Amino acid sequence: MQLIDGKATATTIKAEIAAEVELIVENGGKRPHLAAILVGHDGGSETYVKNKVIACEQCGFKSTLIRFEDNVSEAELLAEVKRLNQDEDIDGFIVQLPLPRHISEQKVIEAIDYRKDVDGFHPINVGRMSIGLPCYISATPNGILELLKRYKIKTAGKKCVILGRSNIVGKPMAQLMMQKRIPGDATVTICHSHTKNLKEECRQADIIIAAIGIPNFVTADMVKPGAVVIDVGTTRVPDATRKSGFRLNGDVKFDEVAPLCSYISPVPGGVGPMTICSLMKNTLSAGKKEFYK
């Protein structure tokens with residue numbers, strides 16, 4: 001069993017990005033600039049955004065954090081999105097989700113200029129991704145692809161089961177794993193809460209990507225020996241032994257599943273660091289105008 005170390009891989013990639021940014025700046029180019037809008041004080045969102053700002057520093061990017069309170073109106077938020085769309089110094093920006101209930105997330109996502117949509121959530125980027133055109137790919141699926149590539153995990157012709165059908169992970173992951181490229185070329189099955197014979201489906205899989213959001217959902221009786229298991233789950237579970245009062249728990253019952261696997265990603269330290277890393281790669285692409293002029 002080999003552990004997939006997302007933390008170490010992310011550190012390597014950020015160093016590669018930083019070296020490229022310094023070359024760009026040395027040659028008279030512009031330092032990439034990422035902005036983030038954070039609404040309210042959700043604990044998870046605060047942590048994510050803080051980590052994104054730190055990653056920007058590590059990559060040599062300029063970063064701007066724009067904060068609003070929970071009671072910001074939808075109109076105010078859309079006006080800020082419009083301002084960032086028009087700001088030529090900002091190459092890419094994100095609006096940290098989830099947003100308060102009175103704001104339509106979809107409306108906000110669609111208001112972002114797709115050429116600056118480094119989260120890869122805009123329908124134009126989602127559509128381009130699904131037919132294999134160059135675009136920003138959402139961070140978590142892209143991070144998983146990068147891990148599969150760097151660990152030289154064979155995907156062509158393999159049976160890949162994806163647990164979960166969210167717009168952020170499950171659906172794009174399925175599209176990417178079936179495309180005619182490496183990593184990809186897999187035979188993909190998407191399973192979810194209404195799937196019949198879910199255990200049997202999983203037991204046939206060479207690769208399981210668990211993004212269902214239920215702690216310890218994947219157990220040993222669902223995994224065939226030699227399978228590759230990628231755990232996307234990050235649920236906060238109460239833990240009195242931790243200073244924070246909680247720990248992050250994956251969708252996979254790690255201790256019993258790991259001995260069966262050829263490769264497995266842990267939580268934390270697996271997919272998580274790669275997600276932020278993918279956002280950094282998208283920001284570099286935005287700075288270089290790699291996909292859209």
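The preceding data block contains the structure.
About the thresholds
- Within any chain, residue numbers begin from 1 and follow the written order of that chain's sequence.
- Selection of residues for local features in this predicted model requires a pLDDT of at least 70, selection of side-chain atom pairs for listing and counting requires 80 or more, and totals for whole chains, interfaces and linings are taken over all residues.
- In computing side-chain properties, one takes all heavy atoms of the structure into account and sets aside hydrogens as well as water.
- Note on geometry: axes are lines fitted to C-alpha atoms, helical ones only across the stretch in contact, with angles between N-to-C directions running from 0 to 180 degrees.
- Helix and strand labels come from DSSP, where a helix needs a run of H or I of at least four residues and a strand needs a run of E of at least two; each type is numbered from the N terminus.
- Here the word oblique covers every angle except those under 35 degrees (roughly parallel), over 145 (roughly antiparallel) and from 65 to 115 (roughly perpendicular).
- In what follows, a contact means two residues having at least one pair of non-hydrogen atoms within 4.5 Å.
- Asp, Glu, Lys and Arg are counted as charged, while Ala, Val, Leu, Ile, Met, Phe, Trp, Tyr, Cys and Pro are counted as nonpolar; the rest, among them Gly, fall into the polar class.
- How far a helix is expected to stretch is found by multiplying one less than its residue total by 1.5 Å.
- Classification of residues uses two cut-offs on accessible area relative to the type maximum, computed with a 1.4 Å probe and protein chains only: under 20% is buried, over 50% is exposed, and between them is partly exposed.
- Side-chain atoms alone can form a polar contact between residues adjacent in sequence; in general such a contact is a pair of N or O atoms within 3.5 Å, and within protein one must be able to donate a hydrogen while the other accepts it.
- In this description, a nonpolar core means a group of buried Ala, Val, Leu, Ile, Met, Phe, Trp, Tyr and Cys residues linked to one another through side-chain atoms lying within 4.5 Å.
- Basic side-chain nitrogens of Lys or Arg form a salt bridge, by our definition, when they fall within 4 Å of a carboxyl oxygen of Asp or Glu.
- By this definition, two strands are paired if DSSP reports at least two bridges between them.

Q: Whenever I open this one, the packing of helix 1 (residues 6-26) against helix 2 (residues 43-59) confuses me. Can you help?
A: Helix-helix packing is characterised by the crossing angle of the two axes and by the distance between the axes. As a packed pair, helix 1 and helix 2 sit with axes 8 Å apart at the nearest point and diverge in direction by 55 degrees. The angle between helix 1 and helix 2 places the two elements in the oblique class. Taking contact as the criterion, the partners of Lys 14, Ile 17, Ala 18 and Val 21 in helix 1 are, on helix 2, Ala 55, Gln 58 and Cys 59. Of the residues contributing to the contact of helix 1 with helix 2, the split by class is five nonpolar, one polar and one charged.

Q: How should I be thinking about helix 1 in this particular structure?
A: The periodicity of an α-helix, 3.6 residues per turn, causes residues three or four positions apart to be oriented the same way. For helix 1, with 21 residues, the first-to-last C-alpha span of 30 Å sits near the 30 Å given by 1.5 Å per residue. For helix 1, every residue scored as buried is listed here: Gly 6, Thr 9, Ala 10, Ile 13, Lys 14, Ile 17, Ala 18 and Val 21. Check the buried side of helix 1 and you find it contacts helix 2, helix 6 (139-150) and helix 10 (271-287). Between a side-chain oxygen at the N-terminus of helix 1 and the backbone nitrogen of Lys 7 the separation is 3.1 Å; the capping residue is Asp 5. Gly 28 lies just past helix 1 and shows a positive phi near 85 degrees.

Q: What's the story with the nonpolar core in this structure? I'm lost.
A: Counting 47 residues, the largest nonpolar core has Ile 17, Phe 61, Ile 144, Met 177, Ile 209, Ile 230 and Met 280 as the members making the most contacts within it. Among the nonpolar cores identified, the runner-up in size contains 19 residues, and Ile 37, Phe 68, Val 108 and Ile 112 belong to it.

Q: What am I meant to see in the pattern of salt bridges here?
A: When the charged atoms of two side chains with opposite charge come close together, those side chains can pair. By the definition in use, this model includes 21 salt bridges. The salt bridge partner of Asp 91 is Lys 289, with a shortest N-O separation of 3.5 Å. Linking Asp 91 in the loop between helix 3 (74-86) and strand 4 (92-95) with Lys 289 in the segment after helix 10, this pair joins segments that are 198 residues apart in sequence. For the salt bridge of Glu 146 with Arg 150, the shortest nitrogen-to-oxygen distance reads 2.8 Å. One end of the pair is Glu 146 and the other is Arg 150, both in helix 6 and four residues apart, which spans about a single turn. Of the residues examined, Glu 146 reaches a relative accessible area of 7% and is grouped as buried. Taken together, the shared-partner salt bridges connect Glu 16, Glu 146, Lys 149, Arg 150 and Lys 281 into one network.

Q: For this particular structure, what's the right way to read the sheet that holds strand 8 (residues 228-231)?
A: Strand pairing in a sheet relies on backbone hydrogen bonds, with the paired strands running either antiparallel or parallel. Strand order in the open sheet formed by six strands is 1-11-8-7-5-6, with parallel pairing between adjacent strands. Strands with a single pairing partner mark the edges of an open sheet, and in this sheet they are strand 1 (2-3) and strand 6 (187-191).

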